[in-house]
Structure formats: structure tokens, C-alpha cells
Amino acid sequence: MAVVAQVRWPGGEWSKAYGVRDLDSKQPAQPDDLVSVASVTKSMTAVSVLKLVDDGLIGLDAPVNGVLESFTTVLKPPGLITVRQLLSHTSGMPDYQQVTFRTLDDVVPAVNQKISLQRDLEITGTLPWDAEDIGTFRYSNSNYLALGQLLENFRGRPYADILRDDIFSPLGLSRTTISELQSEASDMIHGYISLRGQRWAAPRLKNR
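Okay, so let's go over this structure. (Residues numbered from 1 in each chain as written. Predicted model: local features only at pLDDT ≥ 70, side-chain atom pairs only at ≥ 80, totals over all residues. Heavy atoms only, no water.)

Let's talk about the overall build of the chain
- In terms of regular secondary structure, the chain is built from eight helices and four strands.
- Moving toward the C terminus, one meets the helices and strands of the chain in the order β-β-α-α-α-α-α-α-α-α-β-β.
- Relative to its 208 residues, the chain shows a buried fraction of 39%.
- When contacts within the chain are restricted to residue pairs at least 6 apart in sequence, those whose partners lie at least 24 apart make up 65%. (Helix = DSSP H or I, 4+ residues; strand = E, 2+ residues; numbered from the N terminus. Buried < 20%, exposed > 50% of the residue type's maximum accessible area, 1.4 Å probe, protein only. Contact = heavy atoms within 4.5 Å.)

Structural data, given as C-alpha cells:
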């Protein structure tokens, strides 16, 4: 387990790492080690979606029902859902993790299995989506899966490439990626979960 901290100020910076990268190898963590991007992708996705709005490709209050095929095939929302509602978790859409993390026995296979964005939306579609939930805050990872599909539809490129072009490259984040290729890098800090007295490696990458 590790903690990495960095403080920047005009004219300087301070970085320090504590702990180890891996509880098996006990390699000391380093300040420039890789860490899982996890749900930080939500803020990045939001920026890319707002770029769609700035480019005039879709409006914040435009419904996505007729834009995303998944909204007519697997999700079937009980009303019109807008871009703004997906961004703000007010679409009422259920969270696919209600299925994947339903019991303790679901946790380990769920966090270690690689499932496509489309499959996660299909899982979402098995849950009730109540009309009265539309317009009220209900945190759901599935909202951002739908936004990822929205980006791919309008940009015609894979989600990972869109974030690279919109976020990582302009900000000079040369070591930031959501590619699976770096999830097993030797300088990756591992996370863990404890379940019924056993330790399991947590997933190091979540493309949200």
C-alpha cells in the first residue's frame, strides 16, 4: 500500500512517496509511479462532452434518446434523457454495479473481469428505470458509460483516443492513459481489497 503526494508552488515543487508498490514484492513506491485513473475519467469525460457542445454538435439540453442506439435497444428509458442529466447524474438511470456488486461473492469476479462498455449498459438495462427518478440526483456510473458512447458516436474514434486528444496531450500528460497496455506496468502502484480474510488485487484500470 502506498501514498504519493506532490505540492507545487511558483518556482518549485515537492514530491514524496510512502509505502510499497506491491505487497508481494515490497518494492518501495516512487513519486513518479503510475496509479489507477479510476473515476477521474468522469471529469475528463465531462470536459470532452462539453467540447461537443462548444463545437455545436449537440446541446446540453438535447435528448440523447435518438442519438444513442443503446437507448432503444438495451436501456429503454422511461422518458427523454438529456446530455445535462447524464452529466449531473439526474437521469435516474440505474447503476450497472447494482448487479455486478449485488453480494460479497460478486465482488472479486466483478472487479477482475474485463467487461465492455456495451456489456455494462446491457447489464444496466436489466434493472428498473423508473420515470419518477428522472430529474433527481442518483449517482450512477452508467451515466458516464452512455456519455462515452456519445463521444464515440460524434467523434468517430475510440473513447481512449478522444481523451488522449482532448485531455492528455493538450495538458502534457505524457504518462496518463486509459490503455490496458500500462495496467501491468512494473511501476504501477497496486490497490487491494480484503474480503472474508483474503486479500485480492483490485483492478488497476477503469475506463469510465
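We are not done yet, so read on.
Remarks on the nonpolar core
- In terms of nonpolar packing, the biggest core is built from 31 residues, with Val64, Phe71, Leu86 and Leu150 touching the most fellow members.
- Going through the elements one at a time, helix H1 (40-54), helix H3 (83-87), helix H6 (117-124), helix H7 (141-155) and helix H8 (159-168) are the ones with two or more residues in this core.
- Ranked by residue count, the leading element in this core is H7, at six residues.
- The residues touching Leu86, leaving out its near neighbours within four places in the chain, are Val64, Phe71, Ile81, Ser91, Met93, Asn143, Tyr144, Ala146 and Leu147. (Core = buried A, V, L, I, M, F, W, Y, C linked by side-chain atoms within 4.5 Å.)

Brief notes about the pattern of salt bridges
- The tally for this structure, following the rule as stated, stands at ten salt bridges.
- A salt bridge links Glu13 to Arg8, with the nearest nitrogen and oxygen atoms 3.8 Å apart.
- When its relative accessible area of 46% is taken as the criterion, Glu13 is described as partly exposed.
- Ionic contacts of the salt-bridge type, sharing partners, join the residues Arg157, Asp161, Arg164 and Asp165 into one network. (Salt bridge = Lys/Arg side-chain N within 4 Å of Asp/Glu carboxyl O.)

Points about a nonpolar patch on the surface
- A grouping of Val3, Val7, Trp9, Trp14 and Tyr18 is seen on the molecular surface, where their side chains present a nonpolar patch of about 530 Å² in accessible area.
- Listing elements by their share of the nonpolar patch, those giving two or more residues are strand S1 (2-9) and strand S2 (12-19). (Patch = residues over 30% accessible without salt bridge, like charges linked within 9 Å, V, L, I, M, F, W, Y side chains within 5 Å. Areas by Shrake-Rupley, 256 points an atom, 1.4 Å probe, with all protein chains shown as cover.)

Remarks on the side chain of Ser142
- Looking at the secondary structure, you find Ser142 in helix H7.
- Ser142 has contacts with Met93, Pro94, Asp95, Tyr96, Leu121 and Thr124, leaving out every residue within four places of it along the chain.

Quick word on the packing of aromatic side chains
- The final tally for this structure, using the stated rule, is one aromatic pair.
- Aromatic side chains Phe71 and Trp129 sit 6.0 Å apart centroid to centroid with 75 degrees between the ring planes, which places their arrangement in the edge-to-face category. Of this pair, Phe71 sits in helix H2 (residues 70-73) while Trp129 sits in the loop between H6 and H7, and the two are 58 residues apart along the sequence.
- Looking at Phe71, the relative accessible area reads 3%, which means it is buried.
- Take Trp129: its relative accessible area is 10%, and that puts it in the buried class.
- The residue whose ring lies beneath Lys16 is Tyr18, and the NZ or CZ to ring-centre distance is 5.9 Å. (Phe/Tyr/Trp six-rings, centres within 6.5 Å; stacked < 30°, edge-to-face > 60°. Lys NZ or Arg CZ within 6 Å of the ring centre and 35° of its normal.)

Remarks on unusual backbone geometry
- Although it is not a glycine, Lys26 sits at a positive phi angle of roughly 60 degrees.
- Tracing the sequence through the fold places Lys26 in the loop between S2 and H1.
- For Ala38, which is not glycine, the phi torsion reads 45 degrees and is therefore positive.
- Residue position: Ala38 is located in the loop between S2 and H1.

Remarks on the pairing of S2
- Bridge analysis of S1 against S2 gives eight bridges, and the strand direction is antiparallel. Each residue of the ladder has a partner; that of Gln6, found in S2, is Ser15.
- The hairpin turn running from S1 into S2, its antiparallel successor, is two residues long, and Gly11 in that turn takes a positive phi close to 100 degrees. (Pairing = 2+ DSSP bridges.)

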